[in-house]
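Each chain, written out:
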Amino acid sequence: MAARFPDWSEDQGQVMPEDQARLGWSEWHCSGRVSAWREEQLPRFQIEFMLEGMDLRRLAGARPRVIDPSQVFLLAAGEGFELASPTAQRRRSRCLQLQAPLLQAWAPDLVSGLLPSSPELALAVHALGAAPDALARDEAGWRVLALILRLQRPAAAERAPGRRSQRRQEDLVEALRERMAMDFAQPLSLESLARACGASAFHAARVFRQHTGQSIHGHLQRLRLRAALAQLPERRGQLTELALDCGFASHSHFSSSFRREFGRVPSSLQPA
């Protein structure tokens, strides 16, 4: 049966070329050393989360500010700042980078400065680093950005959608579910999945979580695990092949995911 995907001409999201829509992310480590003020400048808008340690940052014309795990540091592309470290303790930071088209489409009001980090945001940043594959990493990145926007614009973020918007969101969720049910064994990316349904990655990830209570990646993993469970009796001695056929990157990834879901290892459900 052919998939049915509506025209999302009124979608809140903006679909753009994949190379412009993808969030970048990186992590840096410093074993620890005291350093004097030095100038830095970044080519893209960056959101930085200090995971361990602390240092000092100073935007042009502003007083020095402490950057630690309780805060989020936002820096616009091309805006210079100064960095110094008053302590030799270990430092580790995780960063999201946004290209200009993506920033303009989703977060045009974001400016350089500091925001307080919430427990929910800290967990989302942790999930970004622990993501097992590209789709989970992309979705975690968009989740982080959504929480950043909520911190900056709490009233707008909590506003309930109207009836027409609600119906469009429900249709989008069903389109995503249908696409995943058809192609769950394929190496799907969040961007390609959302694009196939005529939506942006950010909008698809946010709406799916709001309406189902789980992530797109979580739903996809459950589809893969259910398919593997159904085939276990007839695939004795073929667990690696079964894992790959169901869309898992490796036998170990399949086994660990299976145990988390069902509380048992796959081989225990195969006939002796």
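Caption draft 1: Looking closely at the packing of helix α9 (residues 216-231) against helix α11 (residues 251-262). For the pair α9 and α11, the least separation of the axes is 10 Å and the interaxial angle reads 95 degrees. When the axes of α9 and α11 are compared, the pair comes out roughly perpendicular. Across from Q221, R222, L225, R226, A228 and L229 in α9, the residues of α11 making contact are H253, F254, S257, F258, E261 and F262. Grouping the constituent residues of the contact of α9 with α11 by class yields 6 nonpolar, 3 polar and 3 charged.

Caption draft 2: Region of interest: the nonpolar core. With 47 residues, the main nonpolar core has I47, L110, W142, L145, I148, L176 and I216 as its most contacted residues. Looking at this core, the element that brings in the most residues is helix α4 (residues 134-152), giving 9 residues. If we skip the residues at most four places from it in the chain, W142 touches A21, L23, L102, W106, L190, A201 and F202. Within the second largest apolar cluster, 11 residues are counted, among which are L225, L232, L242 and F254.

Caption draft 3: Seen up close, the side chain of S85. Here S85 shows up in strand β7 (residues 81-85). Among the polar contacts made by the side chain of S85, one reaches the side chain of R91 at a distance of 2.8 Å. Setting aside its immediate chain neighbours within four residues, S85 contacts R33, V34, S35, D55 and R91.

Caption draft 4: Quick peek at the sheet that holds strand β2 (residues 35-40). Pairing in this open sheet of 4 strands is antiparallel, and the strands run β2-β7-β4-β5 from one edge to the other. With one partner strand each, in any of the chains shown, β2 and β5 (65-67) form the two edges of the open sheet. For this sheet the average axis-to-axis angle between neighbouring strands, irrespective of direction, equals 30 degrees. Two strands pair when backbone bridges link them, and strand β4 (residues 55-59) and β7 are joined in this way by 4 bridges, in the antiparallel orientation. Note on β7: the bridge partner recorded for L56 is A84.

Caption draft 5: The arrangement of the pattern of salt bridges in detail. On inspection of all chains with the given rule, the structure shows 17 salt bridges. Among the ionic pairs, R94 bridges to E27, the shortest N-O distance being 2.7 Å. Remark: E27 occurs in strand β1 (residues 24-30) and R94 occurs in strand β8 (residues 91-98); sequence separation between them is 67 residues. Accessibility expressed as a relative area gives 30% for E27, which makes it partly exposed. Residue D245 pairs with R235 through a salt bridge whose shortest N-O separation is 2.8 Å. Of the two residues, D245 is situated in helix α10 (residues 239-245) and R235 in the loop between α9 and α10; the sequence distance between them amounts to 10 residues. Under the relative-accessibility criterion, R235 is labelled buried at 12%.

Caption draft 6: Seen up close, the environment of S200. Counting through the fold element by element, S200 comes out in the loop between α7 (190-196) and α8 (201-212). For S200 and A21, which are 179 residues apart along the polypeptide, the C-alpha to C-alpha distance reads 8.3 Å. For S200, the side chain forms a polar contact with the main-chain nitrogen of H203, separated by 3.2 Å.

Caption draft 7: Main features of the confidence of the model for the protein. For the protein, the average pLDDT comes to 84, and 90% of its residues sit at 70 or higher. Scored below 50 in pLDDT, residues 1-12 shows 30 contacts in the model against residues more than four places distant or in partner chains.

Caption draft 8: View of the packing of helix α3 (residues 119-130) against α4. Closest axis-to-axis distance for the α3/α4 pair is 8 Å, and the angle between their directions is 160 degrees. Comparing their axes, α4 and α3 come out roughly antiparallel. Note that α3 runs across α4; the crossing there is left-handed. On α4, the residues touching E120, L121, A124, V125, A127 and L128 of α3 are R137, A140, G141, R143, V144, L147, I148, R150 and L151. Its residues assigned to classes, the contact of α3 with α4 comprises 10 nonpolar, 1 polar and 4 charged.

Caption draft 9: Expanded view of the pairing of β7. Of all 5 residues making up β7, 4 are buried, and the element is well covered by its neighbours. Note that β2 and β7 share 4 bridges and pair antiparallel. Pairing of S35 across the sheet is with S85, part of β7.

The rules behind each value
Residues numbered from 1 in each chain as written. Predicted model: local features only at pLDDT ≥ 70, side-chain atom pairs only at ≥ 80, totals over all residues. Heavy atoms only, no water. Axes fitted to C-alpha atoms, helices over the stretch in contact; angles between N-to-C directions. Helix = DSSP H or I, 4+ residues; strand = E, 2+ residues; numbered from the N terminus. Parallel < 35°, antiparallel > 145°, perpendicular 65-115°, else oblique. Contact = heavy atoms within 4.5 Å. Nonpolar A, V, L, I, M, F, W, Y, C, P; charged D, E, K, R; others polar. Core = buried A, V, L, I, M, F, W, Y, C linked by side-chain atoms within 4.5 Å. Buried < 20%, exposed > 50% of the residue type's maximum accessible area, 1.4 Å probe, protein only. Polar contact = N/O pair within 3.5 Å; in protein donor to acceptor, adjacent residues only side chain to side chain. Pairing = 2+ DSSP bridges. Salt bridge = Lys/Arg side-chain N within 4 Å of Asp/Glu carboxyl O. pLDDT = per-residue confidence, 0-100. Left-handed = near helix turned anticlockwise from the far one by under 90°.

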